[in-house]
Every structure is written in C-alpha cells, then in structure tokens.
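Here is what each chain is made of, one letter per residue.
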Amino acid sequence: MQQEKIVGAEVPALELTDIQKSFPGVKALKRASFACRAGEVHVLVGENGAGKSTLMRIIAGVWKPDAGTIAVNGQRVEIAGPQHAQSLGIAMVYQDTRLVPDLDVSQNIWLGREPGGRLLVDRKAMDDGAREILAKLGVSLPLDVPVRDLEVAERQLVEIARALTSNPAVLILDEPTSALDAAEIQRLFAIVAELKRQGTAVIFISHRLPEVFAIADRITVLKDGEVVGTVDRDAINHEQLVAMMVGRELALAYPPRAAKVGQERLVVRDLTSPGLFRDVTFSVRAGEIVGLGGIQGNGQADVVRGLFGLLPHEGTVTLDGENAAFATPAKAIKAGFVYIPGDRHREGLFMPHSIRENISLPHLAGWAGLGRVPADREQDELRRAMSSFAIKAHSGEQAVRTLSGGNQQKVVLGRWTIGTPKVYVFEDPTRGVDVATKLEIYRRIRALADAGAAVILVASDLLELIGLSDRVLVFSDGRIVDEVAGADATEERIVGSAVDANSPDAQAGDIAANISVQSNSAAPAAAASLPARNVLGRYMAPMLLLGLIAILSFATAQFSDFFLTSRNVSNIAAQVAPLALVALGQFCVIVLGGIDLSVGPVISLVTGIVSYIAVSEGGAGVVEASAIALAAGVLTGLVNALLIVKLRIPDLIATLATYSVVFGLALIVRPSPGGLVSDTFLNVFEFSFGSVPAVAIVILVLYLAMELLLVRGRLGQRLYAVGSNAEASTVVGINIGVVRTAAYVFCGLCAAGAGLIVAARIGSGDPQAGATFTLSSVTAVVVGGVSVFGGRGTAIGVLLGAVAVGVMQNALNLMQVSAYYQYIWTGGLTLLAVAGFSLRLSARRNRR
Amino acid sequence: MRRAFNALRHNPVWVAVALLYCVAGLVSPAMLKTEQVLNILQVTAFLGLVASGQTIALLVGGIDLSVAGVVTMTNILATSLMMGQNERIAPAVAICIALGVAVGIINGILVAFLRVAPIIATLAMNAILFGAALVYTGGAPFGSSAPAFNQLGQGSVLGLPASALCWLVVSLILAYAMRRTTLGRWIYAVGANEIAARFMGVPTRLVLVLAYSLSALFAVLGGLLITAYIGNPSLGIGNQFLLASVVAVVVGGTALTGGIGSVVGTIAGALFVTLLNSFTNIAQASTGAQYVIQGVLIAFSVIIYRVIGESAETR
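What counts and how
Residues numbered from 1 in each chain as written. Chains lettered and ligands numbered in written order. Predicted model: local features only at pLDDT ≥ 70, side-chain atom pairs only at ≥ 80, totals over all residues. Heavy atoms only, no water. Helix = DSSP H or I, 4+ residues; strand = E, 2+ residues; numbered from the N terminus. Rg over C-alpha atoms; globule rule 2.2 N^0.38 Å. Buried < 20%, exposed > 50% of the residue type's maximum accessible area, 1.4 Å probe, protein only. Lys, Arg positive; Asp, Glu negative; His and termini not counted. Charge placed at Lys NZ, Arg CZ, Asp CG, Glu CD. Expected span 1.5 Å × (residues − 1). Contact = heavy atoms within 4.5 Å. Buried area = accessible area lost by both parts, 1.4 Å probe. Salt bridge = Lys/Arg side-chain N within 4 Å of Asp/Glu carboxyl O. Nonpolar A, V, L, I, M, F, W, Y, C, P; charged D, E, K, R; others polar. Pairing = 2+ DSSP bridges. pLDDT = per-residue confidence, 0-100. Core = buried A, V, L, I, M, F, W, Y, C linked by side-chain atoms within 4.5 Å. Axes fitted to C-alpha atoms, helices over the stretch in contact; angles between N-to-C directions. Left-handed = near helix turned anticlockwise from the far one by under 90°. Patch = residues over 30% accessible without salt bridge, like charges linked within 9 Å, V, L, I, M, F, W, Y side chains within 5 Å. Areas by Shrake-Rupley, 256 points an atom, 1.4 Å probe, with all protein chains shown as cover. Phe/Tyr/Trp six-rings, centres within 6.5 Å; stacked < 30°, edge-to-face > 60°.

Trainee: Mind showing me how you'd approach the overall build of chain B here?
Mentor: Along the backbone of chain B there are 14 helices and 2 strands. In terms of overall size, chain B behaves like a compact globule, its C-alpha atoms giving a radius of gyration of 19 Å where 315 residues would be expected to give roughly 20 Å. Expressed as a percentage of its 315 residues, the buried residues of chain B come to 57%. Taken as two groups, the 13 positive and 6 negative side-chain charges of chain B have centres that lie 10 Å from each other.

Trainee: What is the right way to read helix H5 (residues 89–112) of chain B from this model?
Mentor: Each α-helix winds once per 3.6 residues, and so residues spaced three or four apart point in a common direction. Taking 1.5 Å per residue as the helical rise, H5(B) with its 24 residues ought to reach 34 Å, and the 34 Å between its terminal C-alpha atoms agrees with that figure. Within the span of H5(B), buried status applies to Ile89(B), Ala92(B), Cys96(B), Gly100(B), Val103(B), Gly104(B), Asn107(B), Gly108(B), Leu110(B), Val111(B) and Ala112(B).

Trainee: Just to check I follow, could you spell out the interface of chain B and chain A for this structure?
Mentor: When the parts come together, some accessible area is lost, and that loss is often what is quoted as the size of the interface. In this assembly, 62 residues from chain B lie in contact with 71 residues from chain A. Between chain B and chain A the total buried area reaches about 5400 Å² when both faces are included, carbon and sulfur atoms providing 75% of it. When the area that chain B buries against chain A is broken down by residue, the three leading residues are Arg185(B), Phe199(B) and Met200(B), summing to 15%. Across the contact surface, chain B and chain A share 2 salt bridges. One salt bridge in this structure joins Arg180(B) and Glu378(A), with 3.2 Å as the shortest N-O distance. Contributing elements (two or more residues each) for the side of chain B that touches chain A: helix H6 (118–137), helix H8 (162–180), helix H9 (182–192), helix H10 (194–199), helix H12 (239–251) and helix H14 (287–314) of chain B. Broken down by element, the side of chain B that touches chain A gets its largest block of residues, 15 residues, from H14(B). Among the residues making up the side of chain B that touches chain A, the classes are represented as 41 nonpolar, 13 polar and 8 charged.

Trainee: What should I look at first to understand the pairing of strand S4 (residues 67–72) of chain A in this one?
Mentor: One face of the sheet, then the other: side chains in a regular strand alternate in exactly this way. Residue and element names in this part refer to chain A. Of the pairings in the sheet, the one linking strand S1 (residues 14–23) to S4 comprises 5 bridges and is antiparallel in character. Counterpart to Gln-20 in the pairing with S4 is Ala-67. In the sheet, S4 pairs with strand S5 (residues 75–77) via 3 bridges, with the strands oriented antiparallel. Paired with Ala-71 across the strands is Arg-76, a residue of S5. Between the antiparallel neighbours S4 and S5 lie 2 residues, among them Asn-73 with a positive phi of about 50 degrees.

Trainee: Which parts of the structure should I look at to understand the environment of Pro767(A)?
Mentor: Take Pro767(A): it is sitting in the loop between helix H30 (736–762) and helix H31 (773–783). In this structure the C-alpha to C-alpha distance between Pro767(A) and Asp66(A), which are 701 residues apart in sequence, comes to 57 Å.

Trainee: Quick question: what am I supposed to make of the pattern of salt bridges here?
Mentor: In a structure, side chains of opposite charge can pair up when their charged atoms sit close to one another. Residue and element names in this part refer to chain A. Here the structure, examined in full by the defined rule, presents 33 salt bridges over all chains. Residue Lys-124 is joined to Asp-128 by a salt bridge in which the shortest nitrogen-to-oxygen separation is 3.1 Å. Taken as a pair, Lys-124 and Asp-128 lie in helix H5 (residues 123–136) at a separation of 4 residues, close to a single helical turn. A relative accessible area of 34% means that Asp-128 is categorised as partly exposed. Arg-346 is the salt-bridge partner of Glu-347, the closest N and O atoms lying 3.7 Å from each other. A relative accessible area of 45% means that Arg-346 is categorised as partly exposed. A cluster of three or more residues bridged by salt bridges with shared partners is formed by Arg-305, Asp-343, Arg-346, Glu-347 and Glu-427.

Trainee: Any chance you could explain the confidence of the model for chain B here in plain terms?
Mentor: Of all residues in chain B, 95% have pLDDT values of 70 or greater, and the mean over the chain is 89. Averaged over each element, pLDDT in chain B is lowest for helix H1 (residues 2–10) of chain B (61) and highest for helix H11 (residues 204–230) of chain B (96).

Trainee: Sorry, what's going on with the nonpolar core here?
Mentor: Most often, soluble globular proteins keep nonpolar side chains buried together rather than apart. All names here are of chain A. Judged by nonpolar contacts, the single largest core of 280 residues is most densely connected at Leu-266 and Phe-681. Counting residues per element, this core draws most heavily on helix H22 (residues 566–591), at 14 residues. The residues contacting Phe-681, other than those within four sequence positions of it, are Val-610, Ala-614, Val-622, Ser-626, Leu-756, Ala-759 and Ala-760. The next biggest cluster of nonpolar side chains, apart from the first, holds 50 residues, and it includes Val-93, Ile-133, Val-221 and Ile-236.

Trainee: When you look at the sheet that holds strand S17 (residues 423–427) of chain A in this model, what are you seeing that I'm missing?
Mentor: Each strand in a sheet pairs with another by means of backbone hydrogen bonds, the pair being arranged parallel or else antiparallel. Residues and elements named next belong to chain A. One open sheet holds the 6 strands; their spatial order is S16-S17-S18-S13-S19-S20, and the pairing between them is mixed. Of all strands in the sheet, those with a lone pairing partner are strand S16 (337–340) and strand S20 (479–485), marking the two edges. On average, each strand axis in the sheet is tilted by 20 degrees relative to the strand beside it, whichever way the strands run. Across 4 bridges, the pairing between strand S13 (residues 289–294) and strand S18 (residues 454–458) is parallel. Looking at S18, one finds that Val-290 is bridged to Ile-456.

Trainee: Any chance you could explain the packing of H5(B) against H11(B) here in plain terms?
Mentor: Pairs of packed helices are described in terms of their axes, by the angle between the two and the distance that separates them. Residue and element names in this part refer to chain B. It is the contact of H5 with H11, at a shortest axis distance of 7 Å, that shows an interaxial angle of 145 degrees. In this structure, the crossing between H5 and H11 has a hand that is right-handed. Residues Val-93, Cys-96, Ile-97, Gly-100, Val-101, Gly-104, Ile-105, Asn-107, Gly-108, Ile-109, Val-111 and Ala-112 of H5 pack against Arg-205, Leu-208, Val-209, Tyr-212, Ser-213, Ala-216, Leu-217, Val-220 and Leu-224 of H11.

Trainee: Help me understand unusual backbone geometry in this model?
Mentor: As a rule of thumb, non-glycine residues mostly have phi less than zero, and peptide bonds are mostly trans rather than cis. All names here are of chain A. A positive phi angle is found at Asp-320, which is not glycine, with a value near 50 degrees. Positionally, Asp-320 belongs in the loop between strand S14 (314–319) and strand S15 (322–323). What makes Asp-320 partly exposed here is its relative accessible area of 36%. Unlike most non-glycine residues, Ala-390 shows phi in positive territory, near 50 degrees. In this fold, Ala-390 is placed in the loop between helix H15 (375–388) and helix H16 (405–414).

Trainee: What am I meant to see in a nonpolar patch on the surface here?
Mentor: On the surface, a cluster of nonpolar side chains totalling about 440 Å² of accessible area is made up of Phe687(A), Phe689(A), Val692(A), Ile697(A) and Val701(A). Take Val701(A): it is sitting in helix H27 (residues 694–712).

Trainee: Would you mind showing me how to read the packing of aromatic side chains here?
Mentor: The geometry of two aromatic rings is summed up by the distance between their centres and the angle between their planes. Residues and elements named next belong to chain A. For the structure shown, the criterion picks out 14 aromatic pairs over all chains. With a centroid separation of 6.4 Å and an interplanar angle of 35 degrees, the aromatic rings of Tyr-659 and Phe-663 are classed as tilted. Of the two residues, Tyr-659 and Phe-663 both sit in helix H25 (residues 651–669), 4 residues apart, roughly one turn of that helix. Look at Tyr-659 and you get partly exposed, because its relative accessible area is 22%. Assessed through its relative accessible area of 11%, Phe-663 is described here as buried.

Right, dumping it as structure tokens:
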C-alpha cells in the first residue's frame, strides 16, 4: 500500500514552496514548504501559533502569501480568493463549524453553489446531489431538517459533505476532532480512509498525537512558522515527534502528584439533574486533584455547573460537613466554591475592562455588600494577585483586551488567589495558551491543592487530565462508570470504560460498519415523513395567526353588522395596504437580524413631497412625485446601508440617526399638515377593482412572490443564511455587505411606496403621517412569527401580522373604542408576540 | 498640565463642548454672558437627568426608548395630581416615582426574564405610556404644578439655577456610585459580558431589572424638573427626549455594545446637545434642521469614538 502511493504520486496534488507571510509585528510563516500527494493523508502538527492555520488559510485562498509559490498538480497558480481555491479543487473544513443553523441539510451543503436558474434553485437536484455525496461518505442524514436540530458530529458531516460538492482534489480538515467524542472520531477516520481510497489528498491538522499516529501517512511538523520536517509515520515514534514539535521531552511537564491527602472536604451524593446526569456520588479530599473525564458531553461539565448553582439538581452536597447545595453562583462563591470556566472569552473575562476590575469583580459583594468598594483594599489585593501570577502588564488599569492569551488566562486564574476558596473547579485551564504558561498553570493548580484546597479538574485533553489528577472519575451518559488512580490511568482505560458503558451499538471498534448499516435503514423512512412536518413547522405561526384573525373577525361580526360588509372589508384592505408594504421591507431587515427605525419618517417625508408635486389637476406631477418619493426611500436605504455596512455602526443607532435626519427633512418640507394632493394622484393610488383596492392586490402579489423566493429562490437562501450566520455565509462566498445593503434599500423603497399610499389616503402632506408606522411595522413582523434575532420567519406570516393589526384597528373603531387606545394595544401586542416567541424558544431549548 | 491634557484626550466630549461654546460665542457674543450660561445650565438639567438614566440602559448593553413616555406620563400625572396646591406636592411626586419605577421594572423583566430585545420592549412600552397619557387626559390635559414645586425648575440657589444644581448633584452621585460601588461595577460587568458576570456570582437578571428601573427613575426626575420649569401639563412633552437622550449618551462616549462609558461623559454630552440646540436657535434654524443635525451627530460621534478607540489600541 505504501508503495502504491509513492508510485502514484510523482506530481504532488498540491505543492507549496518557500511561502512567507507576515502580519504587523509577527512573521507567521518563514519560507515554509510543503507538498501533499493524491491519495495520502498528510497530517500537519505544531503547537498553537506555529503557523498551521496561516498556512491552511493561504491554501484556501483566504490570505495571500507575501512570497513563495503554490502549484496544483504541477501547475503554478496564484490563488485569488476562496472561490478561486474551490475552482482549483481545494476545499476546506473549518475547525468551528461554519453552517447556517436555520437552513436545512441540503441547503447548507449547497450554500453559495445551489444548482438551478437565476432566481430559483433546483431543489430536486440539490437533494439528489446531497444524497449522493452523503452516500459516498457512508452516512445518511435527513435532508430537510434544519442544521440547528443536528448533533455536533452530524453538523461536521454536513460540513464535510459541503466541501465535497466541488469534488475537491485536496481536502483540508482543520482540527476536525476537537468537538468529537471517540466514537465520532472513529467514524470520521473511516470517512477519511474512504476519501483517501478515492484518491483525494487529505490535509489533516491536529495536535492530538495518538490521533496523528492513527491516521497519518506522512507528518509535517511546523514550529514558529518554519517547517521542521516531513516524515513518514512509520519512521517516527511518539517521543521523537513531540521532540520535533517542542524541542524537548514533554514527560517532565506535570508536577508530582499529592504525597498524602487530607480529610474529605467536598462530598457529593446522588446528584441528579434530569437529562444531564444522575446518581453522581463522589468526594474530594483536601490536597487532592480529582479529574472528571470521559468522552466530552457526558455530564462532566454539567455536574460541576450543577454544583456551582448554574443548573437545577437534586441530591446532597456537603462542604466541610456543611450543606453545600448552592442555588446560585453567588452562594457558591460565598461558601468558598469557585468555578473557573474553560471558555475565557465567553465565560471568564470582561474584555474592555481593566485587570483590576476583572480581578476584583467576584469579591466586591464580600468586601462591600452592595455599597462602596474599599479602594485601598482593592489595590492591595490586585497587586498581590498580579505578582503571584506574574501577570505581564503596564499596570492594573490596562484593559484585558490588550493582553496576550496567556496573560488573559492568568487574569482568570489570578482572580481566585484572593481569599481562600475551599474548592476549585478548573475547566480546560490551559486552553489556547503556550507551553511555558501551561507548565506554570499546572504548577499553580498543584500548589493550590498542596495548600489544602480540594480541586476538581474537567479537561477535554485526556493527557492533561491524567497528568494532573490524583484520581480520575470516568463519566458516561451522565453517570460515573469508572474510577482510576491518576498514576494508573491511561487514555485507553478512560476511553475504554467510557465506551464500554455505553449502549452496545456505540462500541468504538466497528463504528464505521455501524454507521453504514444505520444509513441503509434510516434513509427511506426519513425521506418519506419529513416534508409534511416541515411545512407544518414553517407555517405554524401563520396558521395560528389565521385562527386568531378568524376568531377576532367572528367576535366583531357579532357586535357590528357592518364589519363583514364588502365596504368595510375593502376599507380594511385599504388600511392594511401601507402597513403591509412597510412590514415587507422591515421583514427583510429583521430577518437579517437588523432593524430599521427610519421607515416612519420616510413615510412622513413622502407625503410632504407628494403634497408639493402632485398637486396640479390633469395628471401632471404624479409620475414625478412618485419617482422622487421612491428615490428618497432608496436614498434613505442607501444611507442606512452605508452607516451599517461600511461604517459598521450598529443598525439600531444608525437607523435612529437616519430617523432623526429624515424626520427633520419631513419637518423642513412640511412643518405642519397642509397641501392638497391632486385628484389624479388619488385616482391612481386609490383605484380599485370593484371593492378590491388595486394596491392591495399588488401588495398581495409582492408577498406571494417574496414567499416563493424565500422557499425556493436564491434570495431566500441568502437572506436566511446571512441572518442566521453571517460568518458562515462569508466563507461560502456570499457577499453579506451586498445582501444587507439590498435589504435596507428595499426597506426604504417599501416605506416610500407606503408613503405614496398614505398620501393618497390623507390627501395632503403631514410630518407626523408616518409616526406610528415605525412601531407598527415591527409589530406586524414580530406578530407574524419572525425572530428578532434573524434567520427565521415567513413572508406569509408577516402579511397576516399586518392583517391582524388592521383588523384589530378596524374592529376597535367599530366598537367605538377611542383611537387613543391604539397606541396601547399595538405596544402590548408587540410585547406579547416577542415575549411569547422567546418563551417558546427557551421552552424548546429546555426540552432538548 | 500633562494630566489635564491626557484627561482631555480621554474625554473628547469636553473639548467638543468647549469648542462649540467658543464658536457660539464668536457667532453670537450674547452666548458669553453669565445669564446666558446660567440659562443653558438651567435647561440642560432636564435632558441631563434623563440622559444620565439612559446611560445606565446603554451600559448594560440595552437602550431605553420609553424615557419619552415616562417623562410625558410624569408631567401629566404631576400636574393633574398637584392641581397647583403646595400640600399635594409630596403625594404627587411619590406617585410619579412609584409609577416610573414600576415601568422600569416591567422593562427590566421583559429584557432580563423574557429576553425581549431592549429596543422592541422599550419602544412598545413607550407607545403604551403615550397611549395611556392620551386615554388618561382624554386628549385635553388638565391641572398645573404647585408654586413651591415650581421653584425647583425656575428658582435659583446662591445665584445658580436650582434645576442645574439638582441635576449635577444627582448625576455626580450616580457617577460616583457607578464607579465605586459594588452595584455600579456589577452594571458595567453585566454590560461587558453577561455570561461571565453570572459565573462571577453577579445576580445578572436583578442587575438588569435594576438598571432599567434606574433609567426610568431618572426619566421621572427629569420629567418632574421640566414640569416644575413649565408649570403646565403638555401631551408629548417627553418626545423631545427620546432621541436627544440617546444622542447625549452617545456623544458622551458611551458605547452601544455595553460596559463602556460614563455618567460624567453624559453630563458633557447633555451640555453639548443643549448648547447645540441654543446655537441653532440663535442661527434661526428650524426644528427640522435641528433634527437633521441631531441625527448626523449620532452617526458622527459613534464614528469618532471608534477611531479614538482604535488608535488607542494600536498605540
């Protein structure tokens, strides 16, 4: 086998020669050379910051090298961008998955490359192609399930499938195993082996050495931006490889284990949290480090979060003999139980704030209650914390954001040198820090234990867990399944007991076989039952809304005979028309996760414009007025887009600014209501077929077209993709700036159109004419079931939202309720809709 | 000297206030007279108080657009409850504060517990409050504030306008509390990183509710002061504060992303906005033009602060 490869690979599939790349202050790559043959798995290893990611991004066309050459199949190329790299047959699967949670599997696989025409995509071709690729991977996934409902490992499969749509000659996998458990890793390896057999050159980045030896044909080691060397896997052993990576043996890295441990400090008995963990019983002694291990996501992290008061749980917990079942983190901290989470950016640090503020935050309540913080004490404690952890900074007032990763981690840890906590919980304490800092952190953690604290360690890196712990508790499916003394622990033992304890169909050995068996049986059933469910899912909110409108209409009809007359219905249609039109624009913005507050003033401005231009009888000015009005809308949208897309001002503040400017302009044009719009203008915009207003028909058609484009059009894919995950969209080559700009311009245009309708209705110009539309357009959108976080919603829902608002207004009018109440119920309805949506969302999250 | 220079570089808004004042003085020497300065201080007080509260909403990463409704509601309630009688001042003020804080608590619950986007929650609340004021008065507001109460808005102490003193004292206390008390530091922490704050034992939801309550409380105080100044009820008197309070806060250097900014900056921001308004008044610009300028100012200051922040980073 080895022989075959070498023979078949005289011309490398990909060859990089003397690549150099610098960033301000750093030389990321220094004359790095690297070649990968067809049909081989080439593993790239190196410490953090060695230059692996830079090299891969250069190959994928994200960055351009400063110097050096790249050759594909012996042909020299200049890679112009990600799209170009793809057309050259290079595909990349990123470490953190770049999928769009709200699009389904097929849509994600084809995102940015959908087959089909200019406007509409060919769904059947997408499904067929996706099925074919997934079959090639030996797996099967339901194609029309939103990616947000998939497991992490399944998402990664989707990502790999997406990379394969371009039929790449070179596939780059950037640390693909970091979020996977042992069984999933086995499956991934089976897929990689299959791709290799089909002749793909696979570049695999990793820094888990056992994995490297399991999968590599050849290994290239990078260090400080230079290639240390490329070796065949069989020509090197574990220790030699480590030595190449770091320049010394790693065996000495861990501090000695506890010589003797004290009495039990933390005692946990029968800890249970439904769905997360159950019957967890263990204790930690003074001076002891207890590691919680196993395959990630089997309850280890949840248990410590439960103990810390972040998750509801049952069972008894005592700390030094006293009850320690904490309901909140504040109580845990007060009792001396501290938890240092693994993701420091998300869970540990306040980036814009000073080191001082970061370090003292959890101690403030203890020092001062809710009152005045003692400045002297704060300074003393800060000095001690900084010196004991050797934090490198100009002063304690330096913003944490400006520190290096290692120093940031020291701030996270140094925070807890203040006071004398009894129990420390560390979660991945060395994630993303350099080797020197790692060793220092290990020593610190051991020192805390030696000083008498009880330490719990949750680490996804098994070597770290084994090296540092006195005892390791192995978790599987929310239970402790094994306990090993640190000195006797091995990766094999931990993974073995974690996997053995699982249900028999998940045994590590023949995972690959298992998957393909599953795929055969699962595929037809899934395909058959899903479409109905998804239509139901998509139109759930609109159908509910339709029911509500029906009930409301029925109730009103009981009160007033006039309500259901064709005259009143056409009234309602005329009333709803402008709102529905603005709401359509607002919807496009909100589905992208934005908001446009400027729509109200645009309507006011347009009525002002019209009241000056479309005034002469005989029809003059109607076209001019409409054109100028629409131009004003487009211009407002462009300014919004400029502020938001180009100048990166948050949408809320940007459109608040244009709100003010446009409102000012409306006041300048028409300081107070006045002017008389010509009859010709009225006739055009108030024209109706029988009792059906023409504008209402036009708007209905617009909505139906929008819905079609959302479901089957390229436009829908773009809108949902950008709204749901802007970064993922960029990676597949969608220009999110263009999509956003288009949405704001469209929204401005819709507002201007609504302004024309309003002008025809009131027959004059009024600087306050649009005042209520800013809120009511948002109301229609959120009542229509659109998520204000972006990525979700239907046009039909928005239309019904606008209709609901219109019907409500009409009904209250007929019931002689004062118009003043309109403000109250629009506000109330908005709050209800948004709060209801977020409650539904959190209920769904809890269920999972 | 050097320290003073540094202080200015870190607070460009004070430089802007000084520059604007000089320019206004050049255009219209009347601006330089003491009485004109005192007059500006007197009328800045209303916006200043409302904006101080708005600062807190922005510091926790939100926004409070219901301040307009709260000011209107306070004005309508205070005048209709006082009916021009001094002995009714205390209950009227108490009721206004209680109602305002209740509004703030509801905003806070919507944002903290129901996870409604702050802009939508407070925009809707603003509409509800405005509607409530319309319904309460039937469109024709009634009553007036008590003479003793009016002293707050119209009188002076030691030659300084009473309203300005109220504003500065209350806002400086708030500024101090934000920097030097546990509660203030919690507000900054929640704004910078809510998840991390929770992990540090900060009762984040409570802090959010408190932040919106404080914002509403300051809007009530601003509403009371402006009522004392004009003495009459006026529907929609709060509307001018909706945009202006956000402008003052943003000009004062508080970021929309939360956790960055200061109440002291907002004091300067409020001064800047008021100065600008009186300058445009002198220049005989229309209300429309003032709105245009205000809008441009919002966008402009966000950009300026970003540029300053980025240049500080690269240093």
